[in-house]
Amino acid sequence: MRRGRNQRRSYRRLAATALLLVAVAACSKPLSEEKRFDAAVHLFRQGYLERSVKEFRARGQELDSQPDSPWRWRYRVMEAEVLLGQGFANDAEKLLGAEFPADPGLAPIKPHWDTIRASALLRAGALDEASRLLDEAESLTRAQADQALLPRIGAARGLVLLNTRKPGEAASRFQQSIDDAVRLNEPYYEAAAAVNLGFALI
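The text that follows walks through the structure, step by step, so that each part is easy to find. Only a predicted model underlies this, so the values are computations on that prediction, with no experimental measurement involved.

**Observations regarding the nonpolar core**
Here is step 1: In terms of nonpolar packing, the biggest core is built from 38 residues, with Phe-56 and Trp-113 touching the most fellow members.
Here is step 2: For this core, the secondary structure elements donating two or more residues are α2 (33-45), α3 (49-62), α4 (70-85), α5 (89-96), α6 (110-123), α7 (127-142) and α8 (150-163).
Here is step 3: No other element matches α4, which puts 8 residues into this core.
Here is step 4: Setting aside residues no more than four positions away along its own chain, Trp-113 makes contact with Trp-73, Val-77, Leu-96, Gly-97, Ala-98, Glu-99, Phe-100 and Leu-133.
Here is step 5: Within the second largest apolar cluster, 8 residues are counted, among which are Ala-171, Phe-174, Ala-193 and Ala-200.

**Regarding the packing of helix α9 (residues 167-183) against helix α10 (residues 187-201)**
Here is step 1: At their nearest, the axes of α9 and α10 sit 8 Å apart, and the two run at 160° to each other. In this view, α9 runs roughly antiparallel relative to α10, as classed from their interaxial angle. Between α9 and α10 lies a crossing whose hand is left-handed. Contacts between α9 and α10 pair Pro-167, Ala-170, Ala-171, Phe-174, Gln-175, Ser-177, Ile-178, Ala-181 and Val-182 from the former with Tyr-189, Glu-190, Ala-193, Ala-194, Asn-196, Leu-197, Ala-200 and Leu-201 from the latter.
Here is step 2: A per-class count over the contact of α9 with α10 returns 13 nonpolar, 3 polar and 1 charged.

**Re α7**
Here is step 1: An ideal rise of 1.5 Å per residue puts 22 Å on 16 residues; α7 measures up with 22 Å between its terminal C-alpha atoms.
Here is step 2: When α7 is considered as a whole, its buried residues turn out to be Leu-127, Ala-130, Leu-133, Leu-134, Ala-137, Glu-138 and Thr-141. Buried residues along α7 cover an arc of 135° about the axis, so they all sit on one side.
Here is step 3: Those residues of α7 hidden inside the fold are in contact with α6, α8 and α9.

**A look at unusual backbone geometry**
Here is step 1: Despite not being glycine, Arg-165 has its phi angle at roughly 60°, a positive value.
Here is step 2: A positive phi angle is found at Asn-185, which is not glycine, with a value near 55°.
Here is step 3: For Asn-185, a relative accessible area of 62% translates into the label exposed.

So, how was this worked out
- Residues numbered from 1 in each chain as written.
- Predicted model: local features only at pLDDT ≥ 70, side-chain atom pairs only at ≥ 80, totals over all residues.
- Heavy atoms only, no water.
- Core = buried A, V, L, I, M, F, W, Y, C linked by side-chain atoms within 4.5 Å.
- Buried < 20%, exposed > 50% of the residue type's maximum accessible area, 1.4 Å probe, protein only.
- Helix = DSSP H or I, 4+ residues; strand = E, 2+ residues; numbered from the N terminus.
- Contact = heavy atoms within 4.5 Å.
- Axes fitted to C-alpha atoms, helices over the stretch in contact; angles between N-to-C directions.
- Parallel < 35°, antiparallel > 145°, perpendicular 65-115°, else oblique.
- Left-handed = near helix turned anticlockwise from the far one by under 90°.
- Nonpolar A, V, L, I, M, F, W, Y, C, P; charged D, E, K, R; others polar.
- Expected span 1.5 Å × (residues − 1).
- Arc of directions from axis to C-beta.

Have a look at this one:
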């Protein structure tokens, strides 16, 4: 009888150990790609540019062996956006390349690519090409359910107008960008557009 009780205790200990190992394994499970990406985006929006660009670059390079991976392009475009924020427009433009892949599976990323490339070209003074890309980005974005890019597109359009000496029209676009950012709960881009609006009204 004592032996039976000891056996049951042993089984319970084994079961408890197995459950503990499962729990540890679950805790140590790597982040999903979406959560990893969102964590890096959060760093960027909190102003940690150096940390976020390292995250985007590291994971993007890990995915270089999968050139048609949507995640590879999402990391690459976000890396370029951070580089713009750091003042490295030439590096951002080179990273994006001159042409976006025609793969239909990458189509949802094209508006973001257009917007960031347009912003890089804008800083290089290529206003006509920047405007063309922004037209395409806005058209594609408005056709999608996810319209989170609209504040960025509006802000970039405002900068094009500011650079062509149209401060009144630029102010209207910056205000629209602010309104879109408020509607879409994008405080980072709301603040950026508000700064540009101030310059347009000077």
